[in-house]
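The chain contents come next:
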Amino acid sequence: QVQLVESGGGLVQPGGSLRLSCAASGSIFSINAMGWYRQAPGKQRELVADITSGGTTNYADSVKGRFSISGDNAKNTVYLQMNSLKPEDTAVYYCNANLFRNGSYYYADYWGQGTQVTVSS
């Protein structure tokens, strides 16, 4: 079994900051990449940012310059620092890990339960 546990969501005013964390645990052989997606009401889930085990990062255009993703390979943990938050950043944020589970033959995607981020005055 693999678990992704997220933390750090909440309510923040426009212009504020939040930091999300996600730790992967369980029967993991190796992790290819971890990232964050978000889904706002009535919209499709979209990629926010991801990072490979080698440190290569990728960001959605809407968050470039405001959000920063980082990872700790030793702890199987990924962080998302969100600055200059806007009301349109309001969504449920989901952690994703593309990983190789012990006993498996391929990489697969795993998801966290989601954490609510609300940006409002």
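This one's a predicted model, so the numbers in the text were calculated from it and none came from an experiment. Residue numbers restart at each chain and count upward from 1, following the sequence in its written direction. In keeping with the predicted nature of the model, local features appear solely for residues at pLDDT of at least 70, side-chain atom pairs appear and are counted solely at 80 or more, and the whole-chain, interface and lining totals rest on all residues. Note that the side-chain values use all heavy atoms of the structure and ignore hydrogens as well as water.

1. Looking at the overall build of the chain
(1) Moving on: From N to C terminus, the chain includes 0 helices and 11 strands.
(2) Moving on: For the chain, the α and β elements follow one another from N to C terminus as β-β-β-β-β-β-β-β-β-β-β.
(3) Moving on: For the C-alpha atoms alone, the extent of the chain along its principal axes is close to 50 × 25 × 20 Å.
(4) Moving on: Relative accessibility under 20% of the residue-type maximum defines a buried residue, over 50% an exposed one, and the middle range a partly exposed one, all with a 1.4 Å probe and only protein chains included. Looking at the chain as a whole, 40% of its 121 residues are labelled buried.
(5) Moving on: We call two residues contacting when some pair of their heavy atoms lies within 4.5 Å. Within the chain, residue pairs in contact and separated by at least 24 positions form 55% of the contacts whose partners lie at least 6 positions apart.
(6) Moving on: Here the open area of atoms and residues is found with the Shrake-Rupley method and a 1.4 Å probe, where only the protein chains shown may cover a residue. Working note: accessible area of the chain is about 6500 Å², and carbon and sulfur atoms make up 46% of it.
(7) Moving on: In the chain, the 9 positive side-chain charges and the 8 negative ones have mean positions that sit 2 Å from each other. For helices the rule is a DSSP run of H or I covering at least 4 residues; for strands it is a run of E covering at least 2, with both sets numbered from the N terminus onward. Asp and Glu are treated as the negative residues and Lys and Arg as the positive ones, with His and the ends of the chain left uncounted. A single reference atom marks each charge: NZ on Lys, CZ on Arg, CG on Asp, CD on Glu.

2. Quick look at the sheet that holds strand β1 (residues 2-7)
(1) Moving on: Think of it this way: DSSP has to see at least two bridges between two strands before they count as a pair. Reading across from one edge, β1-β3-β8-β7 is the order of the 4 strands in this open sheet, with antiparallel pairing throughout. The open sheet is flanked by β1 and β7 (67-72), the only strands paired with a single partner. The average undirected angle you get between the axes of adjacent strands in this sheet is 15 degrees.
(2) Moving on: Bridge count between β7 and strand β8 (residues 77-82): 6 bridges; the pairing is antiparallel. Residue pairing in the sheet places S70 in a bridge with Y79 of β8. Convention adopted: a line fitted to C-alpha atoms gives each axis, helices being fitted over their contacting stretch, and angles between N-to-C directions are expressed from 0 to 180 degrees.

3. Looking at the pairing of strand β3 (residues 18-26)
(1) Moving on: Relative to β3, β1 is paired through 6 bridges, and the arrangement is antiparallel. Each bridged residue has a counterpart across the sheet, and for E6 the counterpart in β3 is C22.
(2) Moving on: Relative to β8, β3 runs antiparallel, the two being bridged by 6 bridges. What sits directly across from L18, in β8, is M82.

4. Some thoughts on the pattern of salt bridges
(1) Moving on: Every case where a carboxyl oxygen of Asp or Glu lies within 4 Å of a side-chain nitrogen of Lys or Arg is listed as a salt bridge. For the coordinates displayed, the defined rule picks out 4 salt bridges.
(2) Moving on: Between R38 and E46 there is a salt bridge whose closest N-O contact spans 2.8 Å.
(3) Moving on: For R38, a relative accessible area of 6% puts it in the buried group.
(4) Moving on: Beyond isolated ion pairs, a larger network of salt bridges with shared partners links R38, E46, R66 and D89.

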